[in-house]
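# Summary of structural features
As a plain string of letters, each chain reads:
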Amino acid sequence: MKAGFYPKMAVSGMRKNGRLYVPFIITSILMVAMFYILHFLSFSGVMRGMPGAGTATDMMVFGVYVMTLFSAIFLFYTHSTLIKGRKKEFGLYSILGMNKRNIGKILFWETAIMWVVSAALGLVAGIGLSKLAELGFTKLIAVPTKYTFSVSGSSAVSSILVFAVIFFLIYLNTIRQIRFANPTQLIRSGRAGEKPPKANYVVGILGLLFLGSGYFIALKIEQPLSALRWFFVAVIFVIIGTYLTLMAGSVILCRILQKNKKYYYKTEHFVSVSTMAYRMKRNGAGLASICILLTAVLVMLSSTAALYTGSDECLDTRYPNEVGAFACKYGYDESLPLQAARFDDLINSVAAEHGAVIQNNCTFSEYSISGYYENNRLQVTLNSMTDMAFIDYDRVAQIMFIDAEVYNSVFGHDVTVGPGEALVGTAKNIEIGDELTIGDVTFNVTGRFDDTVTEIDPVADGAASPTVFVIVNDSESVAKEFIKYKDYNGEPMLAWFWNCRFDTGLDADGQIALASDLSAKLKEELKGKGFSNYYSESHEAERGDFVGTFGGLFFLGILLSIIFLVSCVMIIYYKQVSEGFEDQSRFGIMQKVGMTKDEIRKSINSQMFTVFMIPVVFAGIHLLVVLPIVNKLLMLFALFNFPRLLLCAAICLCLCGLFYGLIYKATSGAYYKIVA
Amino acid sequence: MSLLEARNIKKVYKTRFGGTSVEALNNVSFTVEKGEYVAIMGESGSGKTTLLNIIAALDKATDGSVILDGMDLSKVKDRDIAKFRRDNLGYVFQEFNLLDTFSLEDNIYLPLVLAGRKPAEMQERLKKIAEPLGIANILKKYPYEVSGGQKQRAAVARALITDPKVILADEPTGALDSKSSDELLALFKQVNQMGQTILMVTHSTKAASNASRVLFIKDGAIFHQIYKADASDRQMYQKISDTLTLLAQGGDK
Ligand SMILES: Nc1ncnc2c1ncn2[C@@H]1O[C@H](COP(=O)(O)OP(=O)(O)O)[C@@H](O)[C@H]1O
Ligand SMILES: [Mg+2]
């Protein structure tokens, strides 16, 4: 055959079925664009330097995987229904003398063309959208060029390759679909219609199990950061569960309804229940995709909106005083108490230089040791590396020893702690009994101050791992007990922290100047003294950063949400149009048998409403389950305001519901036009 | 009074852009008595389906009226027309028109469900007709799982189950092989003998020879009619063939 024959056949075949192929290709273009943007955000390091960047990046990387899985499932499924509708055409080809190899070649070209078009336009869309985002960042939120979206070669290549694999799988599946059928079977399959699906209880129950365990894991997670892996597992389970439940569970539900004769044989249920039973298996995939997309949109929008609107709050929590400073040194030496005194002098002199009056001074030093906490006991050394693999990261705790005298003077308390006694406070619910053993030192716990632990550490609630503050009689002598512990690199485990924060009475510029001056002085003072970390910060200097970062995240959330919602629109449109064509003849028959136009309209509406509500309801439930985790993740960004998150979630749910309703209304117009 | 009366029915199809108009029926009048089995014959495109659709109120006549059991169809309000149809008429189509989303049983129940009947009553009615129609053991199957003949029998059951005043059948054997056709015709005869009025459109001479009267339609008008009276099927067959030859020659009767 002539060169170019197959590509030509492929193009004309797709053109003839343009009604179904155009939405399919648009959807895959959008998926490539989404993939590109997510991949770019995760791997190009644009997010670096943001507070919580690590978590955000982890989430994005995970998002890339989810996106891949999601695109694969969705495109795969949609395409296979698309091919089903064309079997007759292929039957005709083979009767006209083409063998399966020839048809396979046509299909190969079809898939290849779709891949090229989707990848090319998808990349253009992805790059274009990210440029738009960049403009948005700089123009709308006036953020310095921290987030520059540029073209990333590696993201583009990854997008092209990932979708090459997906389209190759689609191609294999298509071949499989037509391979095991002879021409007459193919011709007949178009007319004979699809088998009504059997109620598959195994798959349905499996779906519920996945969903249930996903929810269970999600609800059990206490420490989102250390349990990020479990969180991802939960997400995957919920996605799989949603697909299985909607695809099989809904058929089962319809079959159960059909068994209830009193319910089923009612005019308003009869047609809709049977039609849904017939369609759910196929529709289920589309509905599940919509549901997942909606959930993703809801989570992204509500969390980033909460952060953005709460950025002042986060700032105040994270930086309760105007100026702060911190220094840290591992190991113990005699000079440390002296060093603390030198810090005090340094601060006083810098403050004086800037004409600041130090108020609300909260300066103290503490010793710290970390280890594995279990049964009231902190095990400082782990037996071997293998232990690491099995440890529960929620139990890796950090202990802070503070002198009772310091605790009283700095935080305004009046406690007495004898030798061998301890007062403990922690924000995490870690069980501490009457005795607390750390390494081989045991303390009698004489009191708890969990409620006021944020006095010492304002973001204790959001700490990634549990921190236990232990007030002792003499922290220095306690610390000496821990000098002997070394980590795997031979470095000392014991650390000395110096914390300082205070108000200055200066204006914003003055505070910023003082902090940067302090930073320089600290550097000068500590150079060569073996400190691992030290810095100075000010509330005002961080403000722009916070607003910028959270504004950026919010913008990102909006951007991704728009893309996700556009995909939703495509899926819904696709569903409405393909069902419209199916129902055309069906409603003709019903009218002939004696169904009034009114009854038909009612049955369409009830069907549409049910199908419309399913993804929204499921997305709402998913959102409810995931909100507590989102709240904990937001704590990492120093946002401690669950009501705000709830409010944002409620508003987002309303907005998305409204938007979804509008597109549903618009696309059902397309449906009515076809069936009328 | 006749059960069904068609008076001067005219039907003109206008093409969408106003251009040419097709006159499908031109002054058709006839009556059907209760318990009669009437066949309507004519060439393809002679207006048979159009006539049947007008009688079934699926289509509106341009002029003339249809009176069923004393009720003028044109007086029935648009809103009530579907209800009227399912309460009074049973329609059997050439292409079965079964819904693939329903099992045969549910397909048959459809008109009763629409009429708001109780499940127990529906079951009772189906039990009475399923055995004679020979579909008792395939009721749970779906249309795609059964043969054309079985589908058509289910469609007949759907038409019969409402106890309609008339069964309208538009080339019911058109899509069936000869064995299934024979079975269906035997069935119609049997149903008619139990008192069911049937009006069947066909262009199969064999099918028409079962009827008690045959109407011939040509160029949108009734051309001729013959009664079977006491003639056998074979004699009737001969009579019909003769008339058809005459029709084809375009001669007058
Ligand atoms: N919806 C329609 N619009 C225009 N012309 C039609 C329509 N339906 C039928 N006709 C025309 O009316 C005539 C009669 O058609 P029909 O009743 O289907 O004939 P039959 O059933 O006897 O084969 C034909 O010439 C046909 O082309
Ligand atoms: Mg016809």
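Residues numbered from 1 in each chain as written. Chains lettered and ligands numbered in written order. Predicted model: local features only at pLDDT ≥ 70, side-chain atom pairs only at ≥ 80, totals over all residues. Heavy atoms only, no water.

## What about the overall build of chain B?
Helix and strand counts for chain B come out as eight helices and 10 strands. Relative to a compact globule of 253 residues, whose C-alpha radius of gyration would be 18 Å, chain B shows 18 Å and is just as compact. Along the first, second and third principal axes, the C-alpha atoms of chain B reach 55 × 45 × 40 Å. Looking at chain B residue by residue over its 253 residues, the buried ones come to 53%. The contacts in chain B between residues at least 6 apart in sequence include a share of 70% that link residues at least 24 apart. Carbon together with sulfur atoms contributes 48% to the accessible area of chain B, which is approximately 11600 Å² in total. For chain B, the distance from the average site of its 34 positive side-chain charges to the average site of its 31 negative ones is 3 Å. (Helix = DSSP H or I, 4+ residues; strand = E, 2+ residues; numbered from the N terminus. Rg over C-alpha atoms; globule rule 2.2 N^0.38 Å. Buried < 20%, exposed > 50% of the residue type's maximum accessible area, 1.4 Å probe, protein only. Contact = heavy atoms within 4.5 Å. Areas by Shrake-Rupley, 256 points an atom, 1.4 Å probe, with all protein chains shown as cover. Lys, Arg positive; Asp, Glu negative; His and termini not counted. Charge placed at Lys NZ, Arg CZ, Asp CG, Glu CD.)

## Regarding the site of ligand 1
All names here are of chain B. Contacts to ligand 1 come from Tyr13, Val22, Ala24, Glu43, Ser44, Gly45, Ser46, Gly47, Lys48, Thr49 and Thr50. Within the backbone of serine 46, an N or O atom sits 3.3 Å from an oxygen atom of ligand 1. Between ligand 1 and the protein, one listed contact pairs an oxygen atom with a side-chain N or O atom of threonine 50 at 2.4 Å. When the free accessible area of ligand 1 is taken as 560 Å², the share hidden by the protein chains comes to 59%. Grouping the constituent residues of the shell around ligand 1 by class yields three nonpolar, six polar and two charged. (Near = heavy atom within 4 Å. Polar contact = N/O pair within 3.5 Å; in protein donor to acceptor, adjacent residues only side chain to side chain. Nonpolar A, V, L, I, M, F, W, Y, C, P; charged D, E, K, R; others polar.)

## Overview of the interface of chain A and chain B
Across the contact, 25 residues belong to chain A and 27 residues belong to chain B. Note on chain A versus chain B: buried area summed over both sides is about 2400 Å², and carbon and sulfur give 66% of it. A per-residue breakdown of the area chain A buries against chain B is headed by Tyr265, Lys592 and Val593 of chain A, which together make up 28% of the total. The interface formed by chain A and chain B contains two salt bridges. (Buried area = accessible area lost by both parts, 1.4 Å probe. Salt bridge = Lys/Arg side-chain N within 4 Å of Asp/Glu carboxyl O.)

## With respect to the nonpolar core
Buried together is how nonpolar side chains tend to be arranged in soluble globular proteins. Ranked by size, the top nonpolar core spans 188 residues in total, and within it Phe270 and Tyr660 of chain A together with Met200 and Val214 of chain B carry the most contacts. Top element by residues in this core is helix α11 (residues 267-309) of chain A. It accounts for 21 residues. In contact with valine 214 of chain B, not counting residues within four places along its chain, are Ala39, Met41, Ala208, His224, Gln225, Ile226, Met236 and Ile240 of chain B. By size, the runner-up hydrophobic cluster in this structure holds 49 residues, among which are Val441, Val470, Phe482 and Tyr485 of chain A. (Core = buried A, V, L, I, M, F, W, Y, C linked by side-chain atoms within 4.5 Å.)

## Describing helix α2 (residues 81-88) of chain B
Note: α-helices contain 3.6 residues per turn, so residues at a spacing of three or four share the same orientation. Counting buried positions along α2 of chain B gives six out of eight residues, so the element sits mostly inside the fold. Where α2 of chain B is concerned, the buried positions are Ile81, Ala82, Phe84, Arg85, Arg86 and Asn88 of chain B.

## Things to note about the domain arrangement of chain A
You can read the domains of chain A as domain 1 (1-192), domain 2 (200-301 + 558-676) and domain 3 (323-505). Placing a centre on the C-alpha atoms of domain 2 of chain A and another on those of domain 3 of chain A gives a separation of 49 Å. (Domains from an automatic or database assignment.)

## Considering the pattern of salt bridges
By the definition in use, this model includes 31 salt bridges over all chains. Arginine 7 of chain B is the salt-bridge partner of glutamate 5 of chain B, the closest N and O atoms lying 3.1 Å from each other. Taking the relative accessible area as the measure of exposure, glutamate 5 of chain B reaches 24% and is therefore partly exposed. With a relative accessible area of 39%, arginine 7 of chain B lands in the partly exposed category. Two residues, glutamate 183 of chain B and arginine 153 of chain B, come together in a salt bridge whose shortest N-O distance is 3.5 Å. One end of the pair, glutamate 183 of chain B, is in helix α6 (residues 178-193); the other, arginine 153 of chain B, is in helix α5 (residues 148-160), and 30 residues separate them in sequence. For glutamate 183 of chain B, a relative accessible area of 32% gives the class partly exposed. The buried category is assigned to arginine 153 of chain B, whose relative accessible area is 17%. Via salt bridges that share partners, Arg279, Asp583 and Arg586 of chain A together with Asp100 of chain B belong to a single interconnected network.

## Section: the sheet that holds strand β5 (residues 71-72) of chain B
Residue and element names in this part refer to chain B. A sheet is described by the order of its strands in space; here four strands give the open sequence β2-β1-β4-β5, paired in antiparallel fashion. The two strands at the open ends of the sheet, each matched to only one other strand, are β2 (21-32) and β5. Inspection of the sheet shows strand β1 (residues 4-14) paired to strand β4 (residues 63-68) by five bridges, in the antiparallel sense. Looking across to β4, one finds that alanine 6 is bridged to valine 66. Its contacts with the sheet put helix α1 (residues 48-55) on β1, β2 and β4, and the angle it makes with β2 is roughly 60 degrees. (Pairing = 2+ DSSP bridges. Axes fitted to C-alpha atoms, helices over the stretch in contact; angles between N-to-C directions.)

## A look at the environment of valine 66 of chain A
All names here are of chain A. If you trace the backbone, valine 66 turns up in helix α3 (residues 53-84). The buried category is assigned to valine 66, whose relative accessible area is 14%. Counting along the chain gives 467 residues from valine 66 to asparagine 533, while the straight-line C-alpha distance between them is 37 Å.

## So, empty space enclosed by the protein
All names here are of chain A. Summed over all chains, the structure comprises six cavities of 30 Å³ or more. Lining the largest cavity are 38 residues, with Met59, Phe231, Ala296, Val299 and Met300 positioned closest to its centre. In terms of residue class, the lining of the largest cavity is built from 31 nonpolar, seven polar and no charged. Residue contributions to the lining of the largest cavity reach at least three from each of two domains, namely domain 1 (1-192) and domain 2 (200-301 + 558-676). (1 Å grid on protein atoms, 1.4 Å probe; cavity = no way out; pocket = protein on both sides within 12 Å on 5 of 7 lines; lining within 4 Å. Points joined across faces, edges and corners; volume = space filled by probe spheres on them.)

## Digging into the packing of helix α9 (residues 228-259) of chain A against helix α19 (residues 597-636) of chain A
Residue and element names in this part refer to chain A. Closest axis-to-axis distance for the α9/α19 pair is 12 Å, and the angle between their directions is 165 degrees. The orientation of α9 with respect to α19, classified from their angle, is roughly antiparallel. Note that α9 runs across α19; the crossing there is right-handed. Residues Phe231, Val238, Thr242, Thr245 and Leu246 of α9 lie in contact with α19, whose contacting residues are Ile614, Phe618, His622, Val626 and Ile629. Considering only residue class, the contact of α9 with α19 consists of seven nonpolar, three polar and no charged. (Parallel < 35°, antiparallel > 145°, perpendicular 65-115°, else oblique. Left-handed = near helix turned anticlockwise from the far one by under 90°.)

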